[in-house]
Amino acid sequence: MRHLLSTRDLTRDAAVNILDVAEDMAEVSTREVKKLPALRSKTVVNLFFEDSTRTRISFEAAAKRLSADVINFSAKGSSVSKGESLKDTAQTLAAIGADAVVVRHGASGAPQTLATSGWIDAGIVNAGDGTHEHPTQALLDAFTIRRRLHGAASRGRDLDGVTVTIVGDVLHSRVARSNVWLLTTLGAQVRLVAPPTLLPVGVSSWPATVSYDLDSSLEQATDVVMMLRVQSERMHAAFFPNAREYSRWWGLDDARLAQLGEGSIVMHPGPMNRGFEISSGAADSKASTVLEQVSNGVSVRMAVLYLLLSGEREGLA
Amino acid sequence: MPERVVLQQADIARALTRISHEILESNRGADGLVILGIPTRGVILAQRIAALVSEISGTPVEAGALDVTMYRDDLSRGRVRTPAPTHIPAGGVDGRVVVLVDDVLYSGRTIRAALDALGDIGRPRVVRLAALVDRGHRELPIRPDFVGKNLPSSQLERINVRLHEADGQEFVSIDGQADEATR
């Protein structure tokens, strides 16, 4: 694997392989010595142009558990705020000797630009770009679903026959996009449920069914309900009348939770707006995988960094 | 040079039985033994040895698998290596006698990685090494305690270990170019 920019380019075999390697990484996290020497002498730069605590510390923990050196770079208070371009930043990182750059950027396509511009030879991991993709989040969601469904027998399995309902702000959600491509590649059926105003143009061409009504969607059996965060910070117009109305129609409250079948899973990529898109009862229920998603995130990111940085770099001298 | 079979199925079985007896003899019984195989074929051999040791001694002995991929010193060379599962028996390795098992012992680098991997899992009282075939050419000061067959070979030759569980057939063969010293 040269870069990880999108889940759209992943084949089923490649995706299953990442999840399988993540199983080994998860096993290491249960040991007394939670460290592997695999990426000794490699340098991983976390290049964050947008605020993100959980993704950055997850990547940082992953790189450190593989013995890589980690440099955290936050655009705030850096030369970027003095007007430095992405190109100059990239060339600085190349000069430092970065082997991998984990990039979070507000502009969709920024990681793609870094990977293809020739400014830097390092492997690029997309840690969320604008409203485009967040591939490691989708991989950790798939990993969490697979582990909940198959437990110790997860290795080598895909998600054939699993139904996943993704609810909420699909328009602004890179998590939803990455999940639609990845879950479909792995064989799952994806349903999107959202207010019509929070669905992107062209959603009908996605490999997913679309509905506006959460209650009628939940009447059909679903293995997984994935709630999305309502991204108020990206909303520069009125997308729904008010929070109460949104919550009443599209929030996962205790009554809707009770309606889910035995063994169903409730997911949320975090951070959660409790009482808005998800009730506290649902967030803290046995069905909820919110904290598992966080710990699985480290294992999946370890797997991605390992696959990106070990072996002779393809296309490099 | 054509492929030459050096151990038949019966020879492999005999070698494993002998190794099992030697393990019991050196350990003065089966107490505290854990047999850990190095994937892929080392794991199969470890399971067979554990079964034989249990049968001979009448004491159940646990087998497991120890993946060493992440501890190799050649991770940045060649293709990306996919790790295999590690399985440590429930009792762990702390204070026990661990016998590492591999199919072919060659440079010793795999065993060096295995010792590092083992150190991150626990602190065994003693670590011993069993190999079905020792072909020489060591690059590190590592020596096996139990060997099925010593097979002096040229570095141009290949040693193939085939086991029923993994390959559907069972033999050890050698092929490739022998040099003057081993002819």
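Please read all numbers here as calculations on a predicted model, not as lab measurements. The numbering scheme is per chain: residues are counted from 1 as the chain's sequence reads. For naming, the first written chain is A and the first written ligand is 1, with later ones following in the order written. Given that the model is predicted, a residue must reach a pLDDT of at least 70 before its local features are reported, and side-chain atom pairs must reach 80 or more before they are shown or counted; all residues, however, enter totals for whole chains, interfaces and linings. Computation of side-chain values covers all heavy atoms of the structure but excludes hydrogens and water.

1. A look at the overall build of chain A
Part 1 of the argument: Check the secondary structure of chain A and you find 11 helices and 9 strands.
Part 2 of the argument: We compute the radius of gyration from the C-alpha atoms alone; for a globule the expected value is 2.2 Å times N to the 0.38, where N is the number of residues. Scaling as 2.2 N^0.38, a compact globule of 317 residues should have a C-alpha radius of gyration of about 20 Å, and chain A matches this with 19 Å.
Part 3 of the argument: For chain A, the spread of C-alpha atoms along the three principal axes comes to 55 × 45 × 35 Å.
Part 4 of the argument: Think of it in three bands: with a 1.4 Å probe and only protein chains considered, a residue is buried below 20% of the maximum accessible area for its type, exposed above 50%, and partly exposed in between. Scored against the burial criterion, the 317 residues of chain A give a buried share of 56%.
Part 5 of the argument: Residues count as neighbours in contact if any of their non-hydrogen atoms are within 4.5 Å of one another. The contacts in chain A between residues at least 6 apart in sequence include a share of 77% that link residues at least 24 apart.
Part 6 of the argument: Summing over all exposed atoms, chain A offers an accessible surface of approximately 12900 Å²; the carbon and sulfur share of this is 50%.
Part 7 of the argument: Considering chain A, the positive charge centre built from 33 side chains and the negative charge centre built from 35 side chains are found 4 Å apart. Numbering goes from the N terminus for both helices and strands, where a helix is a DSSP run of H or I of at least four residues and a strand is a run of E of at least two. Method for areas: the Shrake-Rupley scheme with a 1.4 Å probe, in which residue coverage is limited to the protein chains shown. Charge assignment: positive for Lys and Arg, negative for Asp and Glu; neither His nor the chain ends contribute. The atoms used to mark charge sites are NZ of Lys, CZ of Arg, CG of Asp and CD of Glu.

2. Observations concerning the interface of chain A and chain B
Part 1 of the argument: Across the boundary between the two partners, chain A contributes 18 residues, which contact 17 residues of chain B.
Part 2 of the argument: Simply put, the buried area is the total loss of 1.4 Å probe accessible area from both parts when two parts are fitted together. In total, chain A and chain B occlude about 1500 Å² of area from one another, counting both sides; carbon and sulfur atoms represent 58% of this.
Part 3 of the argument: The term salt bridge refers to a side-chain nitrogen of Lys or Arg lying within 4 Å of a carboxyl oxygen of Asp or Glu. Inspection of the chain A/chain B interface yields 0 salt bridges.
Part 4 of the argument: By the criterion applied in these results, polar contacts are pairs of N or O atoms within 3.5 Å in which, for protein atoms, one can donate a hydrogen and the other can accept it, and in which residues neighboring in sequence qualify only through two side-chain atoms. Our enumeration of links across chain A and chain B arrives at 4 residue pairs in polar contact (both at pLDDT 80 or more).
Part 5 of the argument: When residues of the side of chain A that touches chain B are traced back to their parent elements, those giving at least two are helix H1 (12-28) and helix H11 (290-309) of chain A.
Part 6 of the argument: Broken down by element, the residue count for the side of chain A that touches chain B peaks at 5 residues, all from H1 of chain A.
Part 7 of the argument: Three classes are used: nonpolar for Ala, Val, Leu, Ile, Met, Phe, Trp, Tyr, Cys and Pro, charged for Asp, Glu, Lys and Arg, and polar for all others, with Gly counted as polar. Here the side of chain A that touches chain B is composed, by residue class, of 8 nonpolar, 3 polar and 7 charged.

3. Brief notes about the sheet that holds strand S4 (residues 97-105) of chain B
All names here are of chain B.
Part 1 of the argument: Two strands form a pair only when DSSP identifies at least two bridges running between them. Taken together, 5 strands build an open sheet; the order of strands is S3-S2-S4-S5-S6 and the sheet is parallel. The open sheet terminates on both sides in strands that have one partner only, identified here as strand S3 (62-65) and strand S6 (146-150). With strand direction ignored, the average angle separating the axes of adjacent strands in the sheet is 25°.
Part 2 of the argument: Angles run from 0 to 180 degrees between N-to-C directions of axes, and those axes are lines fitted to C-alpha atoms, restricted for helices to the stretch in contact. Packed onto the sheet, helix H1 (residues 9-27) meets strand S2 (33-37), S4, strand S5 (126-134) and S6 and runs at close to 150° relative to S6.
Part 3 of the argument: In the packing of helix H3 (residues 109-121) onto the sheet, the strands contacted are S2, S4 and S5, and the crossing angle to S4 comes to about 155°.

4. Digging into the UniProt feature "binding site: carbamoyl phosphate" (unreviewed entry) in chain A
Residue and element names in this part refer to chain A.
Part 1 of the argument: UniProt positions are given in the numbering used here, feature names are shortened, and annotations may be inferred rather than shown by experiment. Those residues carrying the UniProt feature "binding site: carbamoyl phosphate" (unreviewed entry) are Arg54, Thr55, Arg104, His134, Gln137, Gly270 and Pro271 in this numbering.
Part 2 of the argument: Within the secondary structure, Thr55 sits in helix H2 (residues 54-65).
Part 3 of the argument: With a relative accessible area of 6%, Thr55 lands in the buried category.
Part 4 of the argument: Tracing the chain through its elements places Gln137 in helix H5 (residues 135-150).
Part 5 of the argument: Gln137 gets classed as buried once you look at its relative accessible area, which sits at 7%.
Part 6 of the argument: Those residues within four positions of Gln137 in sequence are excluded, and the remaining contacts are Val175, Pro269, Gln293 and Arg301.

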